[in-house]
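Observations on chain architecture
Residues per chain are reported as follows:
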Amino acid sequence: MATEKLYYSDPYLKEFSARVLAAIQLEDGRTGVVLDRTAFYPEGGGQPCDTGRLNDIPVLEVHSKNGEIVHVVAEAPAVEEVTGRLDWARRFDHMQQHSGEHVLSGAFLELFGAENVGFHLGPDAVYIDIALESLSAGQAAAVEARANAAVYATLPVSTHQVTDADLSRFPLRKLPTKGFGSLRLVEMPGIDCCPCGGTHVSNTGQIGGIKIRGWERKSGVTRVDFVCGGRALADHGLCLSAVRQLSTRLSVPPAEVPAAVEKQLAKLEGLHRELQATRQELGRLLAAEAYGGAPSTGDGAKVIVKAYEGQPPLELADFARQLLTLGPVIILLAAGLPEENKSQFLFACTPGLALNTGALLKSLLPLVGGKGGGSANWAQGGGPFSDKLAEALDKARREVLAASGTN
Ligand SMILES: [Zn+2]
């Protein structure tokens with residue numbers, strides 16, 4: 001049975017009374033209610049559905065199926081006569097965004113002859129896809145100015161139920177397929193006229209303003225992200241708060257925030273470069289010092305053994321690479337980070353020495369609950385923090401020295 005669509009006769013109707021015609025079990029097991037009349041807009045044409053209450057029962061979703069409007073409810077009403085109440089803030093937001101979409105689309109067509117080929121209205125984003133290869137900042141500003149001029153002009157928004165024969169009377173943005181029988185047109189004089197089944201504000205002034213937030217190229221079209229009315233105001237509040245925080249933190253007026261951030265980033269890059277150079281120099285000095293004071297094996301390779309508790313001054317790998325440049329060397333390094341419950345190992349040696357660091361590391365890791373491995377000349381591992389790192393390294397050192405015939 002067809003439901004009377006009160007959202008068309010009065011899109012501003014927030015509360016209405018109706019009779020329950022049927023309560024049905026939906027395919028997904030939920031309950032659906034069909035009324036003789038409703039102000040709840042069902043999802044369709046890019047506009048999400050309304051929500052609200054039937055008496056005290058929450059209306060979760062509303063769908064249109066074969067001319068029947070089904071209200072998905074938490075439970076079926078126990079009485080036949082019900083009062084429907086819309087979540088008006090949600091509906092009015094949809095009306096602002098949707099009506100703004102008409103105006104913006106009309107402006108794109110007027111200025112650039114570009115058609116709207118897609119529309120999305122979601123809780124977090126509203127966008128239209130425009131048949132344009134690209135959009136410049138100047139074009140976006142022009143289209144935004146044209147759209148807002150139509151808002152300031154407070155144009156009446158009207159709907160017309162028309163037949164094929166009536167169509168030539170209207171300056172349509174989108175032509176419907178012929179032979180549709182009867183069709184609903186939405187007209188905003190001088191800016192837009194097209195077939196639409198959604199709900200709209202009664203006057204373009206109520207759109208409250210249109211702001212293009214950005215755009216991107218998307219499979220042959222330009223996707224334009226925009227907000228209208230209440231959303232535009234909320235979006236502005238969010239941006240303003242972010243800029244104010246930055247402005248206070250950087251001690252500059254809001255307009256100078258971008259330049260101040262650039263300056264800070266350049267400074268940071270300089271400091272980063274300086275730090276890298278200092279680290280390299282530190283690595284060179286630490287490696288030379290460690291190499292000079294280290295004992296040698298019988299075949300003349302220095303043996304460097306270091307167990308760090310806490311963050312080492314250099315990454316283990318950087319330190320090992322520095323040491324390898326100084327001469328024949330066997331490197332046994334470990335670092336324990338108790339706060340992060342982590343330990344790291346790095347064993348390496350100059351190629352050609354009679355030692356397999358990968359095998360040595362593998363034999364040792366079970367002592368400290370770690371995992372890892374590597375080649376004969378370079379092996380790395382890690383595991384949870386262990387207070388036996390120094391002990392494990394000492395065992396490895398003794399094995400290395402014994403194997404090379406040194407004590
Ligand atoms: Zn519409």
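Cut-off values and rules
- Residues numbered from 1 in each chain as written.
- Predicted model: local features only at pLDDT ≥ 70, side-chain atom pairs only at ≥ 80, totals over all residues.
- Heavy atoms only, no water.
- Helix = DSSP H or I, 4+ residues; strand = E, 2+ residues; numbered from the N terminus.
- Expected span 1.5 Å × (residues − 1).
- Buried < 20%, exposed > 50% of the residue type's maximum accessible area, 1.4 Å probe, protein only.
- Contact = heavy atoms within 4.5 Å.
- Phe/Tyr/Trp six-rings, centres within 6.5 Å; stacked < 30°, edge-to-face > 60°.
- Pairing = 2+ DSSP bridges.
- Axes fitted to C-alpha atoms, helices over the stretch in contact; angles between N-to-C directions.
- Parallel < 35°, antiparallel > 145°, perpendicular 65-115°, else oblique.
- Left-handed = near helix turned anticlockwise from the far one by under 90°.
- Nonpolar A, V, L, I, M, F, W, Y, C, P; charged D, E, K, R; others polar.
- Domains from an automatic or database assignment.
- Buried area = accessible area lost by both parts, 1.4 Å probe.
- Salt bridge = Lys/Arg side-chain N within 4 Å of Asp/Glu carboxyl O.
- Donors = N, O, S within 2.8 Å, 3.2 Å for Na, K, Ca; no water.
- Tetrahedral: all angles 85-135°; square planar, octahedral: opposite > 155°, others 65-115°.

Thoughts on helix α5 (residues 257-292)
Structurally, the α-helix is built with 3.6 residues per turn, so residues lying three or four positions apart point the same way. Its 36 residues give α5 an end-to-end C-alpha distance of 52 Å, which sits within 8% of 52 Å, the value for a rise of 1.5 Å per residue. All buried positions along α5 are accounted for by Val-257, Ala-260, Gly-283, Ala-287, Ala-290 and Tyr-291. At its buried positions, α5 is contacted by α4 (229-250), β16 (302-309), α6 (316-324) and β17 (329-337).

Some details on the packing of aromatic side chains
Counted by the stated rule, this structure contains 6 aromatic pairs. With 5.3 Å between their ring centres and 85° between their planes, Tyr-7 and Tyr-41 make a pair best called edge-to-face. With Tyr-7 in helix α1 (residues 6-9) and Tyr-41 in the loop between β4 (37-38) and β5 (52-54), this pair connects stretches of sequence that are 34 residues apart. The same class applies to Tyr-7 and to Tyr-41, which are both buried.

What to know about the pairing of strand β3 (residues 31-35)
Of all 5 residues making up β3, 4 are buried, and the element is well covered by its neighbours. Pairing geometry for strand β2 (residues 15-25) and β3, over 5 bridges, is antiparallel. Note on β3: the bridge partner recorded for Ala-23 is Val-33. Hairpin connection, β2 to β3: the antiparallel pair is bridged by 5 residues, and Gly-29 has positive phi, about 95°. Where β3 lies against strand β7 (residues 68-73), 4 bridges are found, and the strand directions are antiparallel. Each bridged residue has a counterpart across the sheet, and for Val-34 the counterpart in β7 is Val-70.

Examining the packing of α4 against α5
Here α4 crosses α5 at 55°, and the two axes come no closer than 10 Å. Comparing their axes, α5 and α4 come out oblique. Between α4 and α5 lies a crossing whose hand is left-handed. Across the interface between the two elements, Val-243, Leu-246, Ser-247 and Leu-250 of α4 pack against Val-257, Ala-260, Val-261 and Gln-264 of α5. By residue class, the composition of the contact of α4 with α5 is 6 nonpolar, 2 polar and no charged.

Brief notes about the pairing of strand β18 (residues 342-349)
Burial analysis of β18 places 6 of its 8 residues in the buried class, which makes it a mostly covered element. Here 8 bridges tie β17 to β18, and the two strands are oriented antiparallel to one another. In the sheet register, Leu-333 faces β18, and the bridge partner there is Leu-346. Between β17 and β18, which pair antiparallel in sequence order, lie 4 residues; one of them, Asn-341, sits at a positive phi of approximately 50°. Here β18 pairs with strand β20 (residues 378-383) via 6 bridges, running antiparallel. When the bridges of β20 are listed, Ala-348 appears paired with Trp-378.

A closer look at the domain arrangement of the protein chain
For interface size, the figure often reported is the accessible area lost on association. Domain annotation of the protein chain identifies domain 1 (4-86), domain 2 (92-242) and domain 3 (278-403). Contacts between the two partners involve 10 residues from domain 1 and, on the opposite side, 14 residues from domain 2. Here domain 1 meets domain 2 over a buried area of about 980 Å², counting both sides, of which 53% is carbon and sulfur. On the domain 1 side of the contact with domain 2, Tyr-8, Tyr-12 and Gln-47 bury the most area, a combined 54% of that side's loss. Counting across the interface, domain 1 meets domain 2 through 0 salt bridges.

Brief notes about the pattern of salt bridges
All told, the structure shown has 19 salt bridges when counted by the stated rule. For Asp-93, the salt bridge goes to Arg-231, with nearest N and O atoms at 2.7 Å. Of the two residues, Asp-93 sits in helix α2 (residues 88-112) while Arg-231 sits in helix α4, which places them 138 residues apart along the sequence. For Asp-93, a relative accessible area of 18% puts it in the buried group. One salt bridge in this structure joins Glu-340 and Lys-342, with 3.4 Å as the shortest N-O distance. According to the relative accessible area criterion, Glu-340 is partly exposed, its value standing at 49%.

Details of the sheet that holds strand β10 (residues 126-130)
The sheet built from 4 strands is open, its strands ordered β9-β10-β15-β14 with antiparallel pairing. Unpaired on one side and paired on the other, β9 (116-121) and β14 (210-218) mark the two borders of the sheet. Strand after strand, the sheet turns through a mean of 20° between neighbouring axes, direction not considered. Relative to strand β15 (residues 221-228), β10 runs antiparallel, the two being bridged by 4 bridges. Its bridge partner being in β15, Asp-129 is matched across the sheet by Arg-223. Against the sheet, α2 engages β9, β10, β14 and β15, with an angle of about 135° to β15.

Looking at the coordination of the zinc ion
Distances from the zinc ion to its protein donors, His-98 (NE2), His-102 (NE2), Cys-196 (SG) and His-200 (NE2), fall within 2.0 to 2.1 Å. Note that the zinc ion binds 4 donor atoms; their angles at the metal cover 99 to 124°, and the shape is tetrahedral. For the zinc ion, all donor residues lie on one chain, and their spacing in sequence is H-x3-H-x93-C-x3-H. Of this pair, His-102 sits in helix α2 while Cys-196 is found in the loop between β13 (192-195) and β14, placing the two residues 94 residues apart along the sequence.

Comments concerning the side chain of Thr-51
Note on placement: Thr-51 falls in the loop between β4 and β5. Once you skip the residues sitting within four places of it in the chain, Thr-51 turns out to touch Phe-40, Val-59, Leu-60, Arg-85, Leu-86, Asp-87 and Arg-90.

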